[in-house]
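Structure at a glance
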Amino acid sequence: MDSSAACLSESIIFKGLDTQDIDNLVPLFSKWSVMSGEVLARAGHGTQFFFLLEKGALLVAMEEGRAVVLNRPGDFAGLSMVSLNGTNTATITVLEKGSVWVVPCQDILDLTGYDTQVAAVILDGWQQFCKEKAPFCSNLAETGLI
């Protein structure tokens, strides 16, 4: 298993997918090395990418003083945590040198926009992740995802 598939498989968001579904997702992701202090996304700018942490730490700073540190392999800076209607709602800053798997946000939104088993698994995983890391991001109706 290559490192992107391994990272997807250990992510709470994607780990409920079977091996074939993971293999189908791998080509959507590209790996970036990131350095401390680097800004991956800025609030108010158009959303281009979501980020799956492989190594290091990210700070996701949201409006109203809310923030979350992503520091476990498989943590996901995406969906309602960082974007609403195509605009970044958070600034994502690298706290600790490492690597992230980057996916165009539209690719993930397209996957979750249909009534499929893959979409259901990803959205269920997202809800679980939010409950653990950022409960204020878990209401999909408020964030425009549903």
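Figured I'd write up the structure that's included with this text. (Residues numbered from 1 in each chain as written. Predicted model: local features only at pLDDT ≥ 70, side-chain atom pairs only at ≥ 80, totals over all residues. Heavy atoms only, no water.)

**What about the overall build of the chain?**
Helices and strands together make up the secondary structure of the chain, namely 5 helices and 8 strands. Ordered by position from N to C terminus, the α and β elements of the chain give α-α-β-β-β-β-β-β-β-β-α-α-α. The C-alpha atoms of the chain give 14 Å as radius of gyration, which agrees with the globular expectation for 146 residues (15 Å, within 12%). Taking as baseline every contact in the chain between residues at least 6 positions apart, the subset at least 24 positions apart corresponds to 71%. (Helix = DSSP H or I, 4+ residues; strand = E, 2+ residues; numbered from the N terminus. Rg over C-alpha atoms; globule rule 2.2 N^0.38 Å. Contact = heavy atoms within 4.5 Å.)

**As for the packing of aromatic side chains**
In this structure the tally under the stated criterion is 7 aromatic pairs. With 5.4 Å between their ring centres and 70° between their planes, W32 and F49 make a pair best called edge-to-face. Pair noted here: W32 is in strand β1 (residues 30–34) and F49 is in strand β3 (residues 49–62), with a separation of 17 residues, a long-range link. According to the relative accessible area criterion, F49 is partly exposed, its value standing at 27%. Ring geometry for F76 against W126: centres 6.2 Å apart, planes inclined by 85°, an arrangement best described as edge-to-face. With F76 in strand β5 (residues 76–77) and W126 in helix α4 (residues 117–133), this pair connects stretches of sequence that are 50 residues apart. There is no split in this pair, since F76 and W126 are both buried. By way of ring pairs, the aromatic residues F14, F29, F50, F76, W126 and F129 are connected into one cluster. (Phe/Tyr/Trp six-rings, centres within 6.5 Å; stacked < 30°, edge-to-face > 60°. Buried < 20%, exposed > 50% of the residue type's maximum accessible area, 1.4 Å probe, protein only.)

**Overview of the environment of R72**
The residue R72 is located in the loop between β4 (67–70) and β5 in this model. Along the sequence, R72 and S11 sit 61 residues apart, while their C-alpha atoms lie 8.8 Å from each other. Dropping the residues within four chain positions of it, R72 is found in contact with L53, F129, E132 and K133.

**Side note on the pairing of β4**
What you see with β4 is a clean split: V68 and L70 sit on the buried side and A67 and V69 on the side with no burial. Bridge count for β3 against β4 is 4 bridges, and the pairing is antiparallel. Looking across to β4, one finds that V60 is bridged to V68. Between β3 and β4, which pair antiparallel in sequence order, lie 4 residues; one of them, E64, sits at a positive phi of approximately 60°. (Pairing = 2+ DSSP bridges.)

**A word on the pairing of β3**
The buried fraction of β3 is high, at 10 of 14 residues. Alignment of β3 against strand β8 (residues 90–104), held across 12 bridges, turns out to be antiparallel. Bridging across to β8, L53 finds its partner in V100. Strand direction decides the pairing type here: β3 and β5, joined by 2 bridges, are antiparallel. By the bridge assignment, F51 is partnered in β5 with A77.

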